[in-house]
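Architecture and fold: a report
Now for the letters of each chain:
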Amino acid sequence: MRSVAIIGAGMTKFGEDWERGFRELVTEAGIRALEDAKISGDEISAGYVGTMASGSLVGQEHTGALIADYMGLNPIPITRVEGACASGSLALRQGILAVSSGLHDVVVVGGVEKMTDLDTAAVSQILGGAGDQEWELFLGATFPGLYAMMARRHMHEYGTTEEMLASVAVKNHENGATNKYAQFQNRITLETAMNSKMVADPLKVMDCSPITDGAAAVVLAPMEKALSYSKKPIEILASEQATGTLALHDRKSLTSVNAAKIASERAYKKAGLTPKDISVAEVHDCFTIAEIVATEDLGFFAPGEGGKAALDGRTKIGGDIAVNTSGGLKATGHPVGATGVKQACEISWQLRGERGAGQVKDVEYGLTHNVGGSGATAVVHLYKRGY
Ligand code: COA
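What this report covers is the structure whose coordinates are included nearby. Since the model is a prediction, treat every value here as computed from it, not as a measurement.

1. Quick word on the side chain of N179
- Along the chain, the position of N179 falls in the loop between helix 8 (162–176) and helix 9 (190–194).
- Judged by its relative accessible area of 5%, N179 is buried.
- Those residues within four positions of N179 in sequence are excluded, and the remaining contacts are Q185, S326, T332 and R355.

2. Things to note about the pattern of salt bridges
- For the coordinates displayed, the defined rule picks out 21 salt bridges.
- The partner of K171 in a salt bridge is E291, with the nearest N and O atoms 2.5 Å apart. Residue K171 is located in helix 8, and its partner E291 is located in helix 12 (residues 288–297); the two are separated by 120 residues in the primary sequence.
- Given the relative accessible area of 6%, K171 is considered buried.
- Taking the shortest distance from any N to any O, the salt bridge between D312 and K308 comes out at 2.7 Å.
- The partly exposed category is assigned to D312, whose relative accessible area is 45%.
- We classify K308 as partly exposed; its relative accessible area is 47%.
- Because the salt bridges share partners, they merge into one network encompassing R2, D105, E224 and K225.

3. Side note on the side chain of S326
- Mapped onto the elements of the fold, S326 is located in the loop between strand 10 (322–323) and helix 14 (328–332).
- For S326, a relative accessible area of 1% gives the class buried.
- Within the structure, the side chain of S326 is placed 3.0 Å from the backbone nitrogen of G328, a separation counted as a polar contact.
- Discounting chain neighbours no more than four positions away, the residues touching S326 are N175, G176, N179, A182, E282, T332, K342, E346 and R355.

4. Digging into the packing of aromatic side chains
- Following the criterion strictly, the structure yields three aromatic pairs and no others.
- Ring geometry for F143 and Y147: centres 6.4 Å apart, planes at 40 degrees, overall tilted. One end of the pair, F143, and the other, Y147, are both in helix 7 (residues 143–158), four residues apart, so they sit about a helical turn from each other.
- On the basis of relative accessible area, F143 is assigned to the buried category, the value being 12%.
- Summarising the aromatic geometry, the rings of Y181 and W349 are spaced 5.6 Å apart at their centres and angled 20 degrees between planes, so their arrangement reads as stacked.

5. A look at the environment of G272
- Within the secondary structure, G272 sits in the loop between helix 11 (258–271) and strand 9 (280–282).
- Spatially, the C-alpha atoms of G272 and E24 are 40 Å apart, while their sequence positions differ by 248 residues.

6. Describing the sheet that holds strand 11 (residues 365–372)
- The strand order across the open sheet formed by ten strands is 3-2-4-7-1-8-12-11-9-10, and the pairing between neighbours is mixed. Strands at the two margins of the open sheet, each flanked by one partner only, are strand 3 (78–81) and strand 10.
- Across three bridges, the pairing between strand 1 (residues 4–11) and strand 8 (residues 234–243) is antiparallel. Along strand 8, the bridge assignment pairs V4 with I236.

Cut-offs applied
Residues numbered from 1 in each chain as written. Predicted model: local features only at pLDDT ≥ 70, side-chain atom pairs only at ≥ 80, totals over all residues. Heavy atoms only, no water. Helix = DSSP H or I, 4+ residues; strand = E, 2+ residues; numbered from the N terminus. Buried < 20%, exposed > 50% of the residue type's maximum accessible area, 1.4 Å probe, protein only. Contact = heavy atoms within 4.5 Å. Salt bridge = Lys/Arg side-chain N within 4 Å of Asp/Glu carboxyl O. Polar contact = N/O pair within 3.5 Å; in protein donor to acceptor, adjacent residues only side chain to side chain. Phe/Tyr/Trp six-rings, centres within 6.5 Å; stacked < 30°, edge-to-face > 60°. Pairing = 2+ DSSP bridges.

Structure (structure tokens):
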């Protein structure tokens, strides 16, 4: 299998977008990634796109063909990939497999979602489809509700507090303030987060990722040819995916996502790295509790210590490990199919030293962690500079 590199990255500004539709968003991100790689569409031999719910959210299925058509990439094969909120990382993984196997040389990977055309209740219903429709959604569970149960259990077992949850939001808004693509670029205080409207006890508005429109894209090439395209290719050291139970109530633990633990253990082993080697990580903070659980599952902190670590500033830029320098899902926004690809863009820019005011010093290795549903799908990627 060949080693694979990211040779270009691009994304749209995330947020509530009334100017552009689904196809314009994904095309803009794709063109930005191609421009960043300084290649034309003629050099691309395949594409993969992650989108969770385009049919329900904008009435558009058959999105691979739509994108090939609208981006002028016909007749190359473009395949849609779906794994709930992990759709973007799954698309990235398919692109990596296609290049590493030798099937294709230069591949474009996109992720996109247009979510704000519907109201919050309708979007919550659609997102609920990422859980167990029959045993969770039908009985009234929403995603804020499911993650609230994880938060309550974490609080019960480890003494995690609402203040610790809020500190994750404060840090991610701080990081989002330096990210021109972020939906929210405003700083908030612990007090603002603690006093925001209750959504699903103990999770408040500021503990939640928002509903977002946006797209992101990367261009992949074999590492052996990457330097002929880009001065700053980013090598992908590992791409691992694991699966857990679809329903939260079937899990052995509510305070850990087993699929994420397994995917990360395999990724570290494949790359010959340990959690201590990672200096920057984009993790799936769909809710603040999810970031705390992620930092424990990924081995950055011991089980039960993620909340305190966040409150103590250990996950800030300049702390032990910089987590969600983009602003995470919380502040950058969470257009569900795009998130995994956006994470890869942020880590590429960090490793290239191009994150401006949000730059982490002396970055050697980066990690992305993307979760579908309440943890039924988890995808972990590890990266290093390829130059
Ligand atoms: N963080 C910060 N501010 C938020 C926010 C969030 N998550 N969500 C909305 N806002 C802001 C809006 O920008 C708006 O501000 P404005 O009045 O200054 O324009 C205000 O709050 C009201 O926005 P609105 O869209 O009416 O909020 P809402 O109450 O309908 O929805 C949530 C808020 C948190 C319920 C909604 O964003 C949500 O469901 N998030 C979770 C999404 C999800 O489950 N994703 C999948 C995860 S697995």
